[in-house]
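# Examining the three-dimensional arrangement
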Amino acid sequence: MPEARTPKKPRRARGTKSAVHLLLRVNGEDREVTTAPHRTLLETLREDLGLTGTKHGCELGECGTCTVLVDGQPILSCLALSADYEGREITTVEGMADGAQLHPLQETFADLGAAQCGYCTPGFLLTAKALLEEKPSPSREEIREALAGNLCRCTGYLKIYEAVEQAAARMREEGPRGGR
Amino acid sequence: MKRVRRSQVEIEGKLRERTEVVEEDPSPPWDDRARLRVAGRPHPRLDGRAKASGAAIYTQDVGLPGMLHARILRSPHACARVLSVDASAALALDGVRAVLTQENAAAIPWYGGTTRLLERTVRYAGDEVAVVAAEDEETAEDALHLIRVRYARRRPVLDPGTAPRGGKPSVYTRGNARKAVSGAPVVVAGSYRTPAALHQAFETHGSVARWEGEHLTVWDSTQHIFGVRKELAAALGLPLHRVRVISTFMGGGFGAKNECGKYTVFAALLARRTGRPVRCLLTRAEESLAAGCRHATVQTLRLGARRDGRLLGIEHRSLCDVGAYGTDGPMPVGGPARTLYRCAAVRTEEVPVRTNTGPHTAFRAPGYVEGTFALERAMDRVAEACGLDPLEVRLRNYSPGDPRGFRYTRKGLRECYRIGAARIGWRRRARLGRRGTSLRGLGLASQVWPAGGAPPSHAVVKVNPDATAEVLIGTQDIGTGTRTVLAQIAAEELSLRARDVTVLLGDTGAGPYSLLSAGSLTTASAGPAVRAAARDARQQLEELATGLARGKGGRPGPREVCREIGDAMVIGRGARGPNPEGLKACSFGAHFAEVEVDAETGEVRIVRYVAVHEVGRVVNPLTASSQVEGGVLMGIGFALLERRIEDPATGRGIAVDLLDYKLPTALDLPPIEVLFVPGADPRATTIGAKGLGEPPIIAAPAAIANAVAHAVGADLPELPLTPDRVLEAIARGRRAP
Ligand code: FES
Ligand code: FES
């Protein structure tokens, strides 16, 4: 039974309005999409590319749920126009793992209970990934600041901090691995 | 053996009489002597990796070939008559496949029959008027703007203080409260207000519907798959077996997803009409307008006490703004006044009033959060009036049993007080004071919540040839960790590891009935059912071992038995047994907050927080502590930040996005300590556990308000404690003698 969204074939987007053809680089792969010119990166990822790991929470830039990385920097994909991101390196939660090997952040989020309902988790993971790439040993205060734009209604954030701290420690010990 | 009995159950704080079909569960309860290996120990969520890898599929992620997208047109007016709806221009738009309006949609009764799916009268700004299904979301959205609606506006009712009654008040009395209070040497009276608050789960409400011939499958973000199936089947006039409801992963509910939504019916109707699957998801703005709220309250409270602080009488009356349709009556705002303290004379009254605002729903401990705020604020004032420490007043009024005349299975509130007071350093309270512009305060609040679970809940356990197992149960995991906790329970009984067990839930087509995931019911209801089923399977394995032993010599272990019998697998079944007669099972807690108030800005900072709970056995300390942390933070939001706001003239929602509706962020989290009173409650359930979903939010606003009141030296009659209200209280505190 097809439970996951099946990626749609590129089709002419919506009757009279013109479609654009884009070449996007997502999780290390070149992906061609034909889509409406005004589609947000969030909708392109979810609807056109079937990458539903990136969630929408508000679509107004207020919650961080839709965070993805562009050239390593977190952006809110609900505010980004897909057409502006050709040729950039886009990373979504699906691109964090190295094959079957999860990124240390994904492991610690799972092991320490940082994902409750899990809906906000992909956004937190990518924000944290960008943080750890810039600062391999962030203080609790730096983690708080970095994550303050991502909202979560379930966890109370504490387990998320702990997961980031533990992932940072693991990554320092093991050296860089996994992820892109 | 099933039998029928009359019994009382208390769900979401409301006591109801009902006829219950009960099935005895012979499992001997796991008491403190039970030596458990898996249940009672921290275990990571079994679905943690699915969530952290982006692989978990939520309703919002379900995409089906040929699927259409539906969007809802909502009334901009809080009260109006819909004169006409002209959808012709919308239908003419390229990509639009169908439009539902009051003209062409079946007249399905809604909100308990008080209205219909699409009605001629709209009663709040956000009420549904029409629905469009189109090839994509953007086209559906564009089409909404092309629908011409003529409204005849009426003046909306918006002030709960002057709003008409919305149903019968619910009244409780014991003794003569009025007389007891009036004759008391110490009387504390006050009026307390709490705002309407929004759940704001991160996954908005939504459904995907697909017909296969006569059979309807619906993916729904819900807290009650079987409830949705029942309501949906009734709405569409279908037999139950043709409706299947699936909720594999869901992004939070908090009470707003206990029932079938209109969007679900819209999706099903449009899917039938177009012959295509249809997805109908709410936007964040719709979520804020039309997906339920904690109802606002205006509470008046009078406590009468002796000079030694002992309560003589409690009078509590609350006006509850149930909104335009609220069908479940007012929430049990008087619950804490009825049950928290020993007091012979109590009268509580919850009066529903109807305004032209979005309908209310349950919201994490509905009524109790609001009622605890008022009662615990007033108890601090009794302490002050009697010259006593607030903790001492609570201990003097401690009620070992339910003061309505029931015994408890266990009550660990006294231990909560003791542990929490020691951790926070309660004895420093008298010495806290002002330093420059910084005012320090320490506050506490107590909590009671009916959390013993109830039947019916059924489970099936299949044991595979390789001695792994699957649990089939029609409950759902709304983010609390139900999958993991149920796997731990089955693993315990079957002598397996939790990761050798897969729990298949969230599908009415797969598992037998289990209750809704609300009212802190799930662990205490589904948990014993799973244990009973696993125990049944284990006993069958043991019998088979005896049979196999005769032929072979040695008696084979369970693993060998499984291998030996192969695909003739053992299938266990079990049901949640009845609750003990005459006993009430409640969860208890005490929260302690230390705050710093800036006397110049009125800003409140929580310096330290200690939350202590007694919930019987904690089946999974890892998931339990995140329940508490999240519940406390949600309570902090209700105490300091959150309120739904309407334009007082038009009734239109003002704070309908997450910029204006303030949720607590990572920066709002104080240092918080989570503690549990050790020990099981084997009289409550066979697994010795009670519920924990709601307790953590109940005491938080009260504890914070008490701490702030202590810091500023004045009462705080209204939540949230915004800087302007705090400054006003500081000014009052200064004027006070
Ligand atoms: S969905 Fe993009 S910030 Fe909320
Ligand atoms: S885990 Fe549910 S919103 Fe964060």
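Residues numbered from 1 in each chain as written. Chains lettered and ligands numbered in written order. Predicted model: local features only at pLDDT ≥ 70, side-chain atom pairs only at ≥ 80, totals over all residues. Heavy atoms only, no water.

## Things to note about the confidence of the model for chain A
Taken as a whole, chain A shows an average pLDDT of 90; of its residues, 88% reach a score of 70 or greater. The model gives residues 1-16 of chain A a pLDDT under 50, and that stretch makes 51 contacts with residues more than four places away or in other chains. (pLDDT = per-residue confidence, 0-100. Contact = heavy atoms within 4.5 Å.)

## Thoughts on helix α3 (residues 121-134) of chain A
Along its 14 residues, α3(A) runs 20 Å from first to last C-alpha, staying within 8% of the 20 Å computed at 1.5 Å per residue. Considered for burial, the residues of α3(A) that qualify are T121(A), P122(A), G123(A), F124(A), L125(A), L126(A), T127(A), A128(A), K129(A), A130(A), L131(A) and L132(A). (Helix = DSSP H or I, 4+ residues; strand = E, 2+ residues; numbered from the N terminus. Expected span 1.5 Å × (residues − 1). Buried < 20%, exposed > 50% of the residue type's maximum accessible area, 1.4 Å probe, protein only.)

## Thoughts on helix α5 (residues 225-236) of chain B
Residue and element names in this part refer to chain B. Helix length check: α5 (twelve residues) gives 16 Å between terminal C-alpha atoms against 16 Å at 1.5 Å per residue, within 8%. Judged by how many residues are buried, α5 sits mostly within the fold: nine of twelve residues are covered. Taken as a whole, α5 has its buried residues at I225, F226, G227, V228, R229, L232, A233, A235 and L236. Where the residues of α5 are buried, they touch β13 (206-212), β14 (215-220), β15 (243-246) and α6 (262-274).

## Here's the deal with the nonpolar core
Nonpolar side chains in soluble globular proteins tend to be buried together. Counting 142 residues, the largest nonpolar core has F109(A), Y157(A), V597(B), Y609(B), I704(B) and V708(B) as its most contacted members. The contacts of I704(B), once residues within four sequence positions are left out, are A593(B), I606(B), Y609(B), I636(B), A639(B), L640(B) and L721(B). With 44 residues, the next largest nonpolar core counts Y111(B), V228(B), Y263(B) and L270(B) among its residues. (Core = buried A, V, L, I, M, F, W, Y, C linked by side-chain atoms within 4.5 Å.)

## Here's the deal with the domain arrangement of chain B
All names here are of chain B. Each assigned domain of chain B is listed with its residue range as follows: domain 1 (2-58 + 453-575), domain 2 (62-155 + 200-290) and domain 3 (407-452 + 583-737). One C-alpha centre belongs to domain 2, the other to domain 3; they are set 37 Å apart. Between domain 2 and domain 3, the residue contacts involve eleven residues of the former and twelve residues of the latter. When the buried area of domain 2 at its contact with domain 3 is split by residue, Q200, S288 and L289 rank highest and sum to 41% of it. Taken together, the connections running from domain 2 to domain 3 amount to zero salt bridges. Counting across the interface, domain 2 meets domain 3 through two residue pairs in polar contact (both at pLDDT 80 or more). Looking at the side of domain 2 that touches domain 3 residue by residue, the class counts come to seven nonpolar, three polar and one charged. (Domains from an automatic or database assignment. Buried area = accessible area lost by both parts, 1.4 Å probe. Salt bridge = Lys/Arg side-chain N within 4 Å of Asp/Glu carboxyl O. Polar contact = N/O pair within 3.5 Å; in protein donor to acceptor, adjacent residues only side chain to side chain. Nonpolar A, V, L, I, M, F, W, Y, C, P; charged D, E, K, R; others polar.)

## Some details on the packing of aromatic side chains
All names here are of chain B. Following the criterion strictly, the structure yields eleven aromatic pairs over all chains and no others. Between W426 and F592, the aromatic rings sit 5.7 Å apart at their centres with planes inclined by 80°, giving edge-to-face as the arrangement. Of the two residues, W426 sits in the loop between α11 (413-424) and β21 (434-435) while F592 sits in strand β28 (residues 586-598), which places them 166 residues apart along the sequence. The side chain of R294 reaches across the aromatic face of F363, ending 4.5 Å from its centre. (Phe/Tyr/Trp six-rings, centres within 6.5 Å; stacked < 30°, edge-to-face > 60°. Lys NZ or Arg CZ within 6 Å of the ring centre and 35° of its normal.)

## Some points on the interface of chain B and chain A
Size of an interface, as often reported, equals the accessible area lost when the parts are brought together. Contacts between the two partners involve 63 residues from chain B, matched on the other side by 57 residues from chain A. When the two sides are added together, the surface that chain B and chain A hide from each other amounts to roughly 5000 Å², 53% of it contributed by carbon and sulfur. Joining chain B to chain A, the criterion identifies 25 residue pairs in polar contact (both at pLDDT 80 or more). For the side of chain B that touches chain A, the secondary-structure elements that each account for two or more residues are α1 (48-52), α3 (137-144), β15 and α15 (621-640) of chain B. For the side of chain B that touches chain A, the element with the most residues is α15(B), which contributes eight residues. For the side of chain B that touches chain A, the class distribution of residues is 28 nonpolar, 18 polar and 17 charged.

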